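Now for the letters of each chain:
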Amino acid sequence: MGQILLRLGIHIRPRIHEHENNRIPIHHKCRNCGGVCDLQKNICPHAKYTRTGTKDQPAIMRPAIPDSKVRWNSHFDYRPIEFTSEKVRTSTKEYVDKDPRFEVPLKIDIPWNQDDELCDRRSYHGSYKIVGGVPQNPCGRTGITGRGHLGHFGPNHAADPIVTRWKRNEKGNKILNNDTNKPILQFVSIRRKDTNEFAIPGGMVEKKEKVTDTLQREFQEETLNFPDMSEKSKHDLLAVIKDTFENGGNRIYTGYVDDPRNTDNAWMESTVYNFHDEHEEHLALLKVNAGTDATDAFWHDMHSKLPLFASHADFLKKVSERLGAHW
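What counts as what
Residues numbered from 1 in each chain as written. Predicted model: local features only at pLDDT ≥ 70, side-chain atom pairs only at ≥ 80, totals over all residues. Heavy atoms only, no water. Helix = DSSP H or I, 4+ residues; strand = E, 2+ residues; numbered from the N terminus. Buried < 20%, exposed > 50% of the residue type's maximum accessible area, 1.4 Å probe, protein only. Contact = heavy atoms within 4.5 Å. Areas by Shrake-Rupley, 256 points an atom, 1.4 Å probe, with all protein chains shown as cover. pLDDT = per-residue confidence, 0-100. Expected span 1.5 Å × (residues − 1). Arc of directions from axis to C-beta. Salt bridge = Lys/Arg side-chain N within 4 Å of Asp/Glu carboxyl O. Polar contact = N/O pair within 3.5 Å; in protein donor to acceptor, adjacent residues only side chain to side chain. Phe/Tyr/Trp six-rings, centres within 6.5 Å; stacked < 30°, edge-to-face > 60°. Lys NZ or Arg CZ within 6 Å of the ring centre and 35° of its normal.

Asker: Got a minute to help me understand the overall build of the protein chain in this structure?
Answerer: Counting its regular elements, the protein chain contains five helices and 13 strands. Taking all 327 residues of the protein chain together, 50% fall into the buried category. Within the protein chain, residue pairs in contact and separated by at least 24 positions form 72% of the contacts whose partners lie at least 6 positions apart. As displayed, the protein chain offers around 16400 Å² of accessible surface, 49% of which is attributable to carbon and sulfur atoms.

Written out as structure tokens, the structure reads:
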């Protein structure tokens, strides 16, 4: 097993250890572009992300912000909507921020751009500005102020594991795409309960949790529900996953995520790792099954036409390029 794990790649480093130099793109999935969007006819590919809501929370339509007006240094008659979900606003959980703008006369002192006892508030892109007592989204305007559905002002950190294998025929040979003549990758995918989209089985980094722990925990919670498996089989399976996730993997991305939950004051950042089983020796043999946080889990062919959540298509594309696979 040790030899196998060494072939998987570099060791995973915990939490935020250094600033990344990733260029922050103009976001789309947390913004209404104001173009030819028609939510009824679904003309615009980003139209379904111009509102934020859940089955328990009324949808909020974001005001239109053209591409040229996203950056904060552009002049714009900007009238954002203040929105923090009722669930977040009334939460008494320790890790959910209080709002320093409205908690009067109680003084809220949040150590922005620092790693405090509740969470790591540093961004992978360096220091963010504090405007009006709260962080300003480094990617620009979103049309919504407040926290939306996110628990923290500023960066909310997640971790996303991309587990891959080659698609093979009955003889064990790699299957090539007819158009590109490149081998087809498969990845462990879930279908999200909230948006019904395909997604990587990742999740939020919990209080003082290492990325290695988050990657493993979320993968298990969302894809490894085996009520009929014996205790010994479960133990052996989890031991393989633990060794693999803690000792190997290739870092694909760290930074800002174009997520539909982002607001002007709260946004998602993620650490993404690829765990690739080249020779079907361990992870490729897993028979995944949806856990508590997903409606379904399965091995899915990787390609550019998949309707994927947030920035997950960008992450999968990076993996396909690194491994020379069809996209």
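On we go from here.
Asker: Explain unusual backbone geometry here, please?
Answerer: Most peptide bonds are trans, and most residues other than glycine sit at a negative phi. The phi dihedral of N181 falls on the positive side, at around 60°, and the residue is not glycine. Secondary-structure assignment places N181 in the loop between β7 (154-166) and β8 (185-191). Positioned with a positive phi, A310 is a non-glycine residue whose angle comes to about 50°. With respect to the helices and strands, the residue A310 is situated in the loop between β13 (296-301) and α5 (312-323).

Asker: Honestly, the confidence of the model for the protein chain in this entry has me stumped. Any pointers?
Answerer: Close inspection of predicted coordinates is inappropriate in any region flagged by low pLDDT. On average, residues of the protein chain score 81 in pLDDT, and 80% of them are at 70 or above. Under a pLDDT of 50 for its full length, residues 38-43 has, in the predicted model, eight contacts with residues more than four places off or in other chains. Considering only residues more than four positions removed or in separate chains, one finds that residues 45-51, a stretch of pLDDT under 50, has 23 contacts.

Asker: Help me out: how do you make sense of helix α4 (residues 231-247) in this one?
Answerer: Since there are 3.6 residues in each turn of an α-helix, residues three or four apart along the chain are aligned in direction. Here α4 is 17 residues long and its end C-alpha atoms lie 24 Å apart, about the 24 Å a rise of 1.5 Å per residue gives. Within the span of α4, buried status applies to L237, I241, T244 and F245. Along the axis of α4, the buried positions cluster into a sector of 95°, meaning they face one direction only. Facing away from the buried side of α4, by more than 90 degrees, are the exposed residues E231, K232 and H235. At the C-terminal side of α4, G249 shows a positive phi close to 135°.

Asker: Teacher, can you tell me more about the pattern of salt bridges here?
Answerer: Taken as a whole, this structure holds 16 salt bridges when the rule is applied. When the shortest N-O distance is used, the salt bridge between R89 and E86 registers 2.7 Å. With R89 and E86 both in helix α2 (residues 86-89) and three residues apart, the pair spans about one turn of that helix. Exposure remark for E86: the relative accessible area of 41% places this residue in the partly exposed category.

Asker: Help me understand the environment of G249 in this model?
Answerer: Tracing the backbone through its elements, the reader meets G249 in the loop between α4 and β11 (250-257). C-alpha separation for the pair G249 and F275, spaced 26 residues apart in sequence, amounts to 4.9 Å.

Asker: I keep staring at the side chain of R121 and nothing clicks. Help me out?
Answerer: Relative to the helices and strands, R121 resides in the loop between α2 and β4 (130-131). Residue classification places R121 among the buried residues on the basis of a relative accessible area of 3%. A polar contact of 2.8 Å, which involves the side chain of R121, links it to the side chain of D97. The residues contacting R121, other than those within four sequence positions of it, are D97, I110, P111, W112, N113, Q114, D115, D116, Y128, H152, F153 and P155.

Asker: How should I be thinking about the environment of W166 in this particular structure?
Answerer: With respect to the element layout, W166 can be found in strand β7. Along the sequence, W166 and A325 sit 159 residues apart, while their C-alpha atoms lie 8.9 Å from each other. Leave out the neighbours within four places in its chain, and W166 touches K174, P183, I184, L185, Q186, H276, E278, E280, L323 and A325. A polar side-chain atom of W166 sits 3.3 Å from a polar atom in the side chain of H276.

Asker: In this structure, what is going on with helix α3 (residues 211-223)? I would like to understand it.
Answerer: A rise of 1.5 Å per residue sets the reference length of α3, with its 13 residues, at 18 Å; its end C-alpha atoms lie 18 Å apart and thus fit the reference within 8%. The element α3 is extensively covered by neighbouring structure, given that ten of its 13 residues are classed as buried. For α3, the full list of buried residues reads V211, T212, T214, L215, Q216, R217, E218, F219, E222 and T223. Looking at the buried side of α3, the elements it contacts are β7, β8, β10 (203-204), α4, β12 (266-276) and β13.

Asker: It is not clear to me how the packing of aromatic side chains should be interpreted in this structure. Could you clarify?
Answerer: Aromatic ring pairs are defined here through the distance separating the ring centres and the angle between the ring planes. As enumerated under the stated definition, the model contains nine aromatic pairs in all. Between Y128 and W267, the ring centres sit 5.5 Å apart and the planes meet at 85°, which makes this aromatic pair edge-to-face. With Y128 in the loop between α2 and β4 and W267 in strand β12, this pair connects stretches of sequence that are 139 residues apart. Like Y128, the residue W267 is buried in the burial classification. Members of the aromatic cluster, connected to one another through ring pairs, are F219, F245, Y273 and F275. If you follow R141 out to its NZ or CZ, it ends over the ring of Y78, 5.2 Å from the centre. Sitting above the plane of the W299 ring, R165 keeps its charged end 4.0 Å from the centroid.

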